[in-house]
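Inside the fold
Here is how the chains run, residue by residue.
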Amino acid sequence: MSFDVKTFRRALGCFATGITVVTAAAGDGADPFGVTINSFTSVSLEPPLVLFCLGRTSRLYPGLTTVPAFAINVLAEDQGPLSIHFATSGNQRQWTGVGAGRHDDGTPLLNGCLAHLYCTTEAIHEGGDHVIVVGLVRSLDWRAEGQPLLYVRGRYGRLGELFVPLTAPAAVSGDPAATGRMTPSG
Ligand SMILES: Cc1cc2nc3c(=O)[nH]c(=O)nc-3n(C[C@H](O)[C@H](O)[C@H](O)COP(=O)(O)O)c2cc1C
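A few points on the structure.

Procedures and definitions
- Residues numbered from 1 in each chain as written.
- Predicted model: local features only at pLDDT ≥ 70, side-chain atom pairs only at ≥ 80, totals over all residues.
- Helix = DSSP H or I, 4+ residues; strand = E, 2+ residues; numbered from the N terminus.
- Buried ≥ 20, exposed ≤ 12 C-beta atoms within 10 Å, placed from the backbone.
- Contact = placed C-beta atoms within 7 Å.
- Pairing = 2+ DSSP bridges.
- Axes fitted to C-alpha atoms, helices over the stretch in contact; angles between N-to-C directions.
- Near = placed C-beta within 6 Å.
- Nonpolar A, V, L, I, M, F, W, Y, C, P; charged D, E, K, R; others polar.

Overview of the overall build of the chain
When its secondary structure is counted, the chain shows three helices and 12 strands. Each principal axis of the C-alpha distribution contributes one length, and for the chain these read about 60 × 45 × 35 Å. For the chain, with 186 residues in total, the buried portion stands at 25%. Taking the contacts inside the chain whose residues are at least 6 apart along the sequence as the reference set, 61% of them involve residues at least 24 apart.

A short note on the sheet that holds strand 9 (residues 115-127)
The strands that make up a sheet are held in pairs by hydrogen bonds between backbone atoms, and each pair lies either parallel or antiparallel. As summarised here, the arrangement of the seven strands in space is 3-2-6-9-10-5-4, forming an open sheet in which the pairing is antiparallel. With one partner strand each, in any of the chains shown, strand 3 (33-37) and strand 4 (41-44) form the two edges of the open sheet. The average angle at which neighbouring strand axes cross in this sheet is 35 degrees, direction not considered. Both strand 5 (residues 49-55) and strand 10 (residues 130-142) contribute to a ladder of seven bridges, which runs antiparallel. In the sheet register, G55 faces strand 10, and the bridge partner there is H130.

What to know about the site of the ligand
In the neighbourhood of the ligand, 17 residues make up the surrounding shell, with T36, S39, G55, A87 and S89 lying closest. Among the secondary structure elements, those contributing two or more residues to the shell around the ligand are strand 3, strand 5 and helix 3 (80-87). Top contributing element to the shell around the ligand by residue count: strand 5, with four residues. Of the residues belonging to the shell around the ligand, the class tally is eight nonpolar, eight polar and one charged.

Notes on the pairing of strand 4
Pairing of strand 4 with strand 5, which is carried by three bridges, proceeds in the antiparallel orientation. Each bridged residue has a counterpart across the sheet, and for T41 the counterpart in strand 5 is L51. Between strand 4 and strand 5, which pair antiparallel one after the other, the connecting turn spans four residues.

Details of the environment of T7
If you trace the backbone, T7 turns up in helix 1 (residues 5-12). Taking the C-alpha atoms as reference, T7 lies 35 Å from Y118; in sequence the two are 111 residues apart.

Observations regarding the pairing of strand 12 (residues 155-158)
Relative to strand 12, strand 11 (residues 149-152) is paired through four bridges, and the arrangement is antiparallel. Across the sheet, L150 pairs through a bridge with G157, a residue of strand 12. Counting the residues that bridge the hairpin from strand 11 to strand 12 gives two residues, and of these R153 lies at a positive phi of roughly 50 degrees.

Thoughts on the sheet that holds strand 12
The three strands lie next to each other as 1-11-12, forming an open sheet whose pairing is antiparallel. Two strands in the sheet have a free side with no partner beyond their single neighbour: strand 1 (17-18) and strand 12. Sheet analysis places strand 1 next to strand 11, joined by two bridges and oriented antiparallel. In the sheet register, G18 faces strand 11, and the bridge partner there is L150.

Quick look at the structure:
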């Protein structure tokens, strides 16, 4: 290969993402935990599947690869501090000052998020120095207002006033007003 890890990371950083915190209840009576994750993506609509990639060296690897369920918390633009908190080693079981409700099984659902997806662990696949955790979405909530926290080239950002829609509103099944088509430029 003609590139090193640093260069690879830089190239990947050009791909702008949202930010999630993956939370789970520890089954052994220990504190629940959360970890900042931007490798989240949707996989399938029917059945409803999502995935995230987890580093094998993460301290949460043993916990997150054995829990039966977890939640994907999609962060809003004002939740940068929460992202930093749950990306910091040693903080991932610290809940002081973190507002959160709980799913029936104790899985934390962070306050103020754009969406929560509560999943049961469907599969764990090999992925080099990461594993690919696939979740079956069992329940969810979301809100239409509010903007996402963004991450690109190693920096946090938000859409703010600069967001220029290039398409009609995203097509949602059953919504005849939405086309999601790119409008011709020039
Ligand atoms: C913006 C952002 C996105 C991240 N995304 C991932 C990810 O997708 N997968 C992952 O394993 N770690 C990801 N991390 C790193 C974890 O949040 C965490 O920092 C890492 O597991 C180190 O924690 P540990 O030393 O307690 O294991 C991300 C960190 C940041 C700041």
